[in-house]
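Chains, contacts and geometry: an overview
Residues per chain, in single letters:
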Amino acid sequence: MSPSAFTGAFAARGLLPPVVREALDSTNRLARELAEQGAPHGQAVIALKQTAGRGRLGRSWLSDEHGSLCLSVVLRPTLRLARLPSVVLAAGVALAETCGAPTRLKWPNDLVGPDRRKVAGVLAEAEAPGGRVDSLILGLGVNLSSAPLGLPATHLAALTGEAPDRAVLAATLTESLLRWSDIAASDPAEVLRAWLSYDLTLGRRVRVGAVEGVAVALGPDGSLELREDSGRTHRIHAGDVEMIATS
Ligand code: BTN
């Protein structure tokens with residue numbers, strides 16, 4: 001696929017021309033560099049091949065050169081750091097909205113198939129001197145037609161029968177992300193409502209690290225409330241949710 005396919009798909013939606021590279025270590029790394037040089041709100045960065053993708057919690061993100069989308073978007077939201085979680089949740093909403101059925105969201109922001117295998121993830125990296133968000137990089141990795149071996153992952157083609165066009169998906173995802181990040185700045189409760197409409201975490205028995213219980217609520221700060229069988233509750237701010245089958 002040539003970079004011009006991306007430029008065309010972005011132009012058709014009135015978006016800024018994306019920066020497209022044949023190969024990059026990490027689109028988040030380049031997007032951060034561009035943000036430091038003054039890249040505007042909405043600047044997208046795409047790698048056809050990503051060689052050192054970064055995942056949440058210091059992990060790496062593996063992707064296939066032909067079967068995945070590696071996209072980062074520079075945002076310059078005018079909000080205080082405390083409101084940032086709703087913009088991060090907005091990225092999950094954009095993923096679920098764009099990728100469509102049968103994908104759902106698993107806390108904190110994993111897009112998964114009905115069997116809960118991961119299809120896409122979000123890595124948010126903010127620069128917020130003095131508590132005001134100067135720039136936020138939202139990095140989205142989507143498995144289109146292949147999933148990394150050895151992980152409980154799947155891809156959109158397996159779920160829907162065909163892989164979406166990479167350039168069209170990148171543009172519609174960026175468009176949705178920009179719309180939901182605007183909503184996050186003006187009406188965070190609306191983002192929370194939308195996120196919950198795609199959620200499959202709440203009401204289920206889960207384990208996060210050493211804590212096991214029922215996921216009972218999502219806080220306005222994006223945290224997950226877990227209730228142990230003893231009744232003790234925990235507010236979880238980061239981690240991986242493992243769903244526990246109940247018979
Ligand atoms: C996760 O661990 O679930 C988040 C994965 C985010 C991966 C994407 S791929 C595009 C962007 N560039 C990166 O280095 N990481 C993100």
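A short tour of the structure in this document, coming up. (Residues numbered from 1 in each chain as written. Predicted model: local features only at pLDDT ≥ 70, side-chain atom pairs only at ≥ 80, totals over all residues. Heavy atoms only, no water.)

The step from alanine 101 to proline 102 runs through a cis peptide bond, and the omega angle for that step is 5°. Here proline 102 shows up in the loop between helix 3 (84–99) and strand 6 (104–106). Here the bond from tryptophan 107 into proline 108 is cis, since omega is 5°, no more than 30 degrees from zero. One non-glycine residue, leucine 57, adopts positive backbone phi at about 55°. Locating leucine 57 in the fold gives a position in the loop between strand 3 (53–54) and strand 4 (60–61). A positive phi angle, near 70°, is found at arginine 116, a position not held by glycine. (Helix = DSSP H or I, 4+ residues; strand = E, 2+ residues; numbered from the N terminus.)

Overall, mixed pairing links the 7 strands, which are arranged 1-2-5-9-8-7-6 in an open sheet. At either end of the open sheet lies a strand with only one pairing partner, and these are strand 1 (19–24) and strand 6. This sheet shows a mean twist of 20° between the axes of neighbouring strands, independent of strand direction. Alignment of strand 5 (residues 68–75) against strand 9 (residues 135–143), held across 8 bridges, turns out to be antiparallel. Residue pairing in the sheet places serine 72 in a bridge with glycine 139 of strand 9. (Pairing = 2+ DSSP bridges. Axes fitted to C-alpha atoms, helices over the stretch in contact; angles between N-to-C directions.)

Right, let's get into the packing of helix 5 (residues 166–186) against helix 6 (residues 188–198). Interhelical geometry of helix 5 versus helix 6 gives an angle of 130° and a closest axis separation of 5 Å. Classified by the angle between their axes, helix 5 and helix 6 sit oblique to one another. Residues Trp180, Ile183, Ala184 and Ser186 of helix 5 form the contact with helix 6, whose participating residues are Pro188, Glu190, Val191 and Ala194. Partitioned by chemical class, the residues of the contact of helix 5 with helix 6 number 6 nonpolar, 1 polar and 1 charged. (Parallel < 35°, antiparallel > 145°, perpendicular 65-115°, else oblique. Contact = heavy atoms within 4.5 Å. Nonpolar A, V, L, I, M, F, W, Y, C, P; charged D, E, K, R; others polar.)

Here we come to the sheet that holds strand 14 (residues 241–243). Read from one edge to the other, the open sheet built from 5 strands follows the order 13-12-11-10-14, with strand pairing classed as antiparallel. Every interior strand has two partners, whereas the edge strands, strand 13 (233–236) and strand 14, have only one. When strand polarity is set aside, the average angle formed by the axes of neighbouring strands in this sheet is 45°. Across 3 bridges, strand 10 (residues 205–208) lies against strand 14 in antiparallel orientation. Of the residues in strand 14, the one forming a bridge with arginine 207 is glutamate 242.

With that out of the way, let us pick up the packing of helix 3 against helix 6. At their nearest, the axes of helix 3 and helix 6 sit 9 Å apart, and the two run at 40° to each other. With respect to their mutual orientation, helix 3 and helix 6 come out oblique. In this structure, helix 3 crosses over helix 6, and the sense of that crossing is left-handed. For the pair helix 3 and helix 6, the contacting residues are Ser86, Leu89, Ala90, Gly92, Val93, Ala96 and Glu97 in the first and Pro188, Val191, Leu192, Ala194, Trp195 and Tyr198 in the second. In the contact of helix 3 with helix 6, the residues fall into 10 nonpolar, 2 polar and 1 charged. (Left-handed = near helix turned anticlockwise from the far one by under 90°.)

These results come straight from atomic positions and should not be treated as a statement about function.
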